Amino acid sequence: MIERRPFAQLPSEDLGWLKARRHLSCVGLNDLAPTGWGALRVWSDHEIAPNSGFALHAHANIEIITYVREGAVTHRDSLGNKGRIEAGSVQVVSAGTGIRHAEYNLEQEPARIFQIWVAPTSRGGSPAWGAQECPKAERPGCFVALASCFDSDHEALPIRACARVLNAKLKARESIEYVLREPRLAYLVPSSGVVDVNDVRIHTCDGAAIKDIDIVTITAIEDADLVLVDVL
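A quick note: this is a predicted structure, and the numbers were derived from the prediction, not measured.

A tally of helices and strands in the protein chain yields zero helices and 22 strands. Within the protein chain, buried positions represent 53% of all 232 residues. Sequence separation of at least 24 residues holds for 69% of the intrachain contacts in the protein chain that already meet a minimum separation of 6. Element-wise, carbon and sulfur atoms account for 49% of the exposed surface of the protein chain, whose accessible area totals about 10,700 Å². Of the charged side chains in the protein chain, 24 are positive and 30 negative, and the gap between their average positions amounts to 3 Å.

The structure is reproduced here in structure tokens:
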């Protein structure tokens, strides 16, 4: 099954400094977005205005992965970590027993990010933060792991959830396959470009909720940048 979730139909909000659409959300009782896809709890598409952002706030017992699509965000947290994460980079906050962090766009242009929350396999643990440029694929048209719990994904940032966050960059007419073994689920969003996912057309920023499929075949209709999360 592949369920297309059109970007234009996703629940949205406009706070002036923040424009958001939510593929998945566990934020509030009145939120119309679906509440989860397996261990995947939140997938938000954020546009943050220049010189604004999320003030210091707290999280616990969640893995937060941020994929920067355009611009840059600046991170600060209660552990003393500071970092500026540019487009084409990823950061992970493992909230553990608790962390307070802030994310700002201190640039002169809007920043666009995917923020993805995944439930950890167990509660607690020391909070942690990490960031890096997205790893390069060994060959064109391959998925690379951005964040993962698997030791084999040695270039990925570690997370404490039974999940992989993957990225692929495809040229027009290029295809890629991903093996999704039951009972695992996947959620895919093109940050740019248009793709067919097992013959279901997925446009830029649409979501594709995937289950009960052994082989996921993705064909780029035009040059595309993809983020896929594989979870239980």
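Our next topic: the nonpolar core. Membership of the largest hydrophobic core comes to 29 residues, with the highest contact counts inside it found for Leu-40, Trp-43, Ile-65, Ile-116 and Val-118. Residue assignment for this core shows that the elements contributing at least two residues are strand 4 (40-48), strand 6 (63-70), strand 9 (89-94), strand 11 (111-118), strand 13 (144-148), strand 15 (163-170), strand 17 (185-192) and strand 22 (224-231). Discounting chain neighbours no more than four positions away, the residues touching Leu-40 are Leu-24, Ile-116, Trp-117, Val-118, Tyr-187, Val-229 and Val-231. With 24 residues, the next largest nonpolar core counts Ala-156, Leu-166, Ala-186 and Leu-188 among its residues.

This part takes up the sheet that holds strand 19 (residues 200-202). Strand order in this open sheet of four strands is 16-21-18-19, and the pairing throughout is antiparallel. Single-partner strands in this sheet number two, and they are strand 16 (175-179) and strand 19. For this sheet, the mean angle separating the axes of adjacent strands, direction not counted, is 25°. Where strand 18 (residues 195-197) meets strand 21 (residues 215-220), three bridges bridge the pair, whose relative direction is antiparallel. Bridge assignment links Val-197 to a residue of strand 21, and that residue is Ile-218.

What counts as what
Residues numbered from 1 in each chain as written. Predicted model: local features only at pLDDT ≥ 70, side-chain atom pairs only at ≥ 80, totals over all residues. Heavy atoms only, no water. Helix = DSSP H or I, 4+ residues; strand = E, 2+ residues; numbered from the N terminus. Buried < 20%, exposed > 50% of the residue type's maximum accessible area, 1.4 Å probe, protein only. Contact = heavy atoms within 4.5 Å. Areas by Shrake-Rupley, 256 points an atom, 1.4 Å probe, with all protein chains shown as cover. Lys, Arg positive; Asp, Glu negative; His and termini not counted. Charge placed at Lys NZ, Arg CZ, Asp CG, Glu CD. Core = buried A, V, L, I, M, F, W, Y, C linked by side-chain atoms within 4.5 Å. Pairing = 2+ DSSP bridges. Axes fitted to C-alpha atoms, helices over the stretch in contact; angles between N-to-C directions.

By themselves, these figures tell us nothing about what the structure is for.
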